[in-house]
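Listed here are the chains, written in short residue letters.
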Amino acid sequence: MPRNTSATLTEAELRLMNVLWTKGSATVHQVLEALPDRPSLAYNSVLTTIRILEKKGYVKHAKDGRAHVYIPSVKREDATRFEIRHLVSRFFKDSHELLVLNILEDDSLGADDLKRLRQLLEEKK
């Protein structure tokens, strides 16, 4: 039975999207070269993942001779917002307030982070 495709990005898909967002466009080979060494991926793995991204609507391709050049069709900011909305829906019952409260209750939040959050809240008023 085939696995259901998710509209959200897997870790592997996000790695490739980060390369495409940085470069603007790239062939599979260029994406592969731009990835960090560890863990290394095979060309076919990158190609398969990019094709999945294309089916999900995150990238499109243009022909350049025999090669396909892949271009992000979703901006990084839009993908980030979608992922946050998905997170809020799944874990916080569609409540952004519960998400923010959860973040504020995290002990790893430093004084500088809290100061910046206060500034942002003041600007939103």
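A brief structural summary. (Residues numbered from 1 in each chain as written. Predicted model: local features only at pLDDT ≥ 70, side-chain atom pairs only at ≥ 80, totals over all residues. Heavy atoms only, no water.)

**A word on the overall build of the protein chain**
Point 1. Each helix and strand in the protein chain was counted, giving 6 helices and 2 strands.
Point 2. Overall, the protein chain shows an N-to-C arrangement of helices and strands of α-α-α-β-β-α-α-α.
Point 3. For 125 residues, the compact-globule formula gives about 14 Å, and the C-alpha radius of gyration of the protein chain, at 18 Å, lies well above that figure.
Point 4. Put simply, of all contacts in the protein chain between residues at least 6 apart along the chain, 43% involve residues at least 24 apart.
Point 5. Of the accessible surface of the protein chain, which amounts to about 9600 Å², a share of 52% is contributed by carbon and sulfur atoms.
Point 6. Averaging the positions of the 21 positive and the 18 negative side-chain charges in the protein chain gives two centres separated by 7 Å. (Helix = DSSP H or I, 4+ residues; strand = E, 2+ residues; numbered from the N terminus. Rg over C-alpha atoms; globule rule 2.2 N^0.38 Å. Contact = heavy atoms within 4.5 Å. Areas by Shrake-Rupley, 256 points an atom, 1.4 Å probe, with all protein chains shown as cover. Lys, Arg positive; Asp, Glu negative; His and termini not counted. Charge placed at Lys NZ, Arg CZ, Asp CG, Glu CD.)

**A short note on a nonpolar patch on the surface**
Point 1. On the surface, Leu98, Val100, Leu101, Leu104, Leu117 and Leu120 cluster together into a nonpolar patch covering about 450 Å² of accessible area.
Point 2. Looking at the nonpolar patch, the elements that each hand over two or more residues are helix H5 (96-104) and helix H6 (111-124).
Point 3. For the nonpolar patch, the element with the highest residue contribution is H5, accounting for 4 residues.
Point 4. If you trace the backbone, valine 100 turns up in helix H5. (Patch = residues over 30% accessible without salt bridge, like charges linked within 9 Å, V, L, I, M, F, W, Y side chains within 5 Å. Salt bridge = Lys/Arg side-chain N within 4 Å of Asp/Glu carboxyl O.)

**Points about the packing of helix H1 (residues 11-23) against helix H3 (residues 43-56)**
Point 1. Taken N-terminus to C-terminus, the directions of H1 and H3 make an angle of 90°; their axes are 10 Å apart at the nearest point. Classed by the angle they form, the pair H1 and H3 counts as roughly perpendicular. Facing H1, whose interface residues are Ala12, Glu13, Leu16 and Met17, H3 presents Val46, Thr49, Ile50, Ile52, Leu53 and Lys56.
Point 2. Residues of the contact of H1 with H3, tallied by class, amount to 7 nonpolar, 1 polar and 2 charged. (Axes fitted to C-alpha atoms, helices over the stretch in contact; angles between N-to-C directions. Parallel < 35°, antiparallel > 145°, perpendicular 65-115°, else oblique. Nonpolar A, V, L, I, M, F, W, Y, C, P; charged D, E, K, R; others polar.)

**What about the nonpolar core?**
Point 1. If you look at the biggest cluster of nonpolar residues, it comprises 18 residues, and the most contacted ones within it are Met17, Val31 and Ile50.
Point 2. Mapped onto this core, the elements with two or more residues apiece are H1, helix H2 (28-34) and H3.
Point 3. The element that contributes the greatest number of residues to this core is H1, accounting for 5 residues. (Core = buried A, V, L, I, M, F, W, Y, C linked by side-chain atoms within 4.5 Å. Buried < 20%, exposed > 50% of the residue type's maximum accessible area, 1.4 Å probe, protein only.)

**Quick word on the layout of surface pockets**
Point 1. Put simply, the largest pocket is a space of about 330 Å³.
Point 2. Of all elements in the fold, only H5 and H6 reach the threshold of two or more residues within the lining of the largest pocket.
Point 3. Broken down by element, the residue count for the lining of the largest pocket peaks at 6 residues, all from H6. (1 Å grid on protein atoms, 1.4 Å probe; cavity = no way out; pocket = protein on both sides within 12 Å on 5 of 7 lines; lining within 4 Å. Points joined across faces, edges and corners; volume = space filled by probe spheres on them.)

**Here we look at the pairing of strand S1 (residues 59-64)**
Point 1. Bridge analysis of S1 against strand S2 (residues 67-72) gives 6 bridges, and the strand direction is antiparallel. Counterpart to lysine 63 in the pairing with S2 is histidine 68.
Point 2. Between S1 and the antiparallel strand that follows it, S2, lie 2 residues; glycine 65 among them carries a positive phi value of about 70°. (Pairing = 2+ DSSP bridges.)

**Quick look at the side chain of threonine 27**
Point 1. Structurally, threonine 27 is set in the loop between H1 and H2.
Point 2. By relative accessible area, threonine 27 is classed as buried at 17%.
Point 3. Beyond its immediate sequence surroundings of up to four residues, threonine 27 is in contact with Ala67, His68 and Val69.

The analysis is restricted to geometry; functional conclusions fall outside its scope.
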